[in-house]
Amino acid sequence: MDEEAEATVREVFTLFSQGYGKTAIARMLNDRGIPNPTEYKLCTVCATDSPIPETALYGNTLLSLTC
């Protein structure tokens, strides 16, 4: 189990139950430098040296996937 991610998920649910909206919660986490789930997963994969592509196409946008 990923204890770091678990703590963040618990915090998100706590904040939501206290009346904070999705945008406010996202802003709080961003201000603290906590990556969104996609970024976290990509950086977790990078940390394990698993092969992942360096770029991906999202709609018409080319994204960089480097950590």
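Residues numbered from 1 in each chain as written. Predicted model: local features only at pLDDT ≥ 70, side-chain atom pairs only at ≥ 80, totals over all residues. Heavy atoms only, no water.

## Some words on the packing of helix α1 (residues 3–17) against helix α2 (residues 22–31)
As a reminder of what qualifies: Axis geometry follows a simple rule: fit a line to the C-alpha atoms, using only the stretch in contact for helices, then measure angles between N-to-C directions, giving values from 0 to 180 degrees. Secondary structure elements follow DSSP: runs of H or I no shorter than four residues count as helices, runs of E no shorter than two count as strands, and numbering proceeds from the N terminus. Note on angle classes: values under 35 degrees are labelled roughly parallel, values over 145 roughly antiparallel, values of 65 to 115 roughly perpendicular, and the remainder oblique. Crossing handedness: left-handed means the near helix sits turned counterclockwise from the far one by under a right angle, and right-handed means the same turn made clockwise. Should any heavy atoms of two residues lie within 4.5 Å, those residues are counted as being in contact. In this classification, Asp, Glu, Lys and Arg are treated as charged, Ala, Val, Leu, Ile, Met, Phe, Trp, Tyr, Cys and Pro as nonpolar, and every other residue, Gly included, as polar.
The contact between α1 and α2 brings their axes to 10 Å, and the two run at 140°. Our classification of the angle between α1 and α2 gives oblique. Of the two elements, α1 crosses α2, and the hand of that crossing is right-handed. On α2, the residues that touch T8, E11, V12, L15 and F16 of α1 are I25, M28 and L29. Residues of the contact of α1 with α2, tallied by class, amount to six nonpolar, one polar and one charged.

## A short note on the pattern of salt bridges
So the rule is basically this: The term salt bridge refers to a side-chain nitrogen of Lys or Arg lying within 4 Å of a carboxyl oxygen of Asp or Glu. Relative accessibility decides the category of a residue: with a 1.4 Å probe and only protein chains considered, values under 20% of the type maximum give buried, values over 50% give exposed, and everything between is partly exposed.
Across all of its chains, the model carries two salt bridges by this definition. Between E6 and R10 there is a salt bridge whose closest N-O contact spans 2.9 Å. In this pair, E6 and R10 both sit in helix α1, four residues apart, roughly one turn of the helix. Classification of E6 by relative accessible area gives partly exposed; the value is 25%. The residue E11 makes a salt bridge to R32 at a minimum N-O spacing of 2.6 Å. Taken together, the residues span a long stretch of sequence, with E11 in helix α1 and R32 in the loop between α2 and α3 (37–47) at a distance of 21 residues.

## Focus on α1
Threshold: Expected span of a helix, by definition, is 1.5 Å for each gap between consecutive residues, and there is one gap fewer than residues.
Between its first and last C-alpha atoms α1 spans 21 Å; for 15 residues at 1.5 Å apiece the expected length is 21 Å, and the two agree. Of the residues flanking the end of α1, it is G19, one or two places downstream, whose phi is positive at about 100°.

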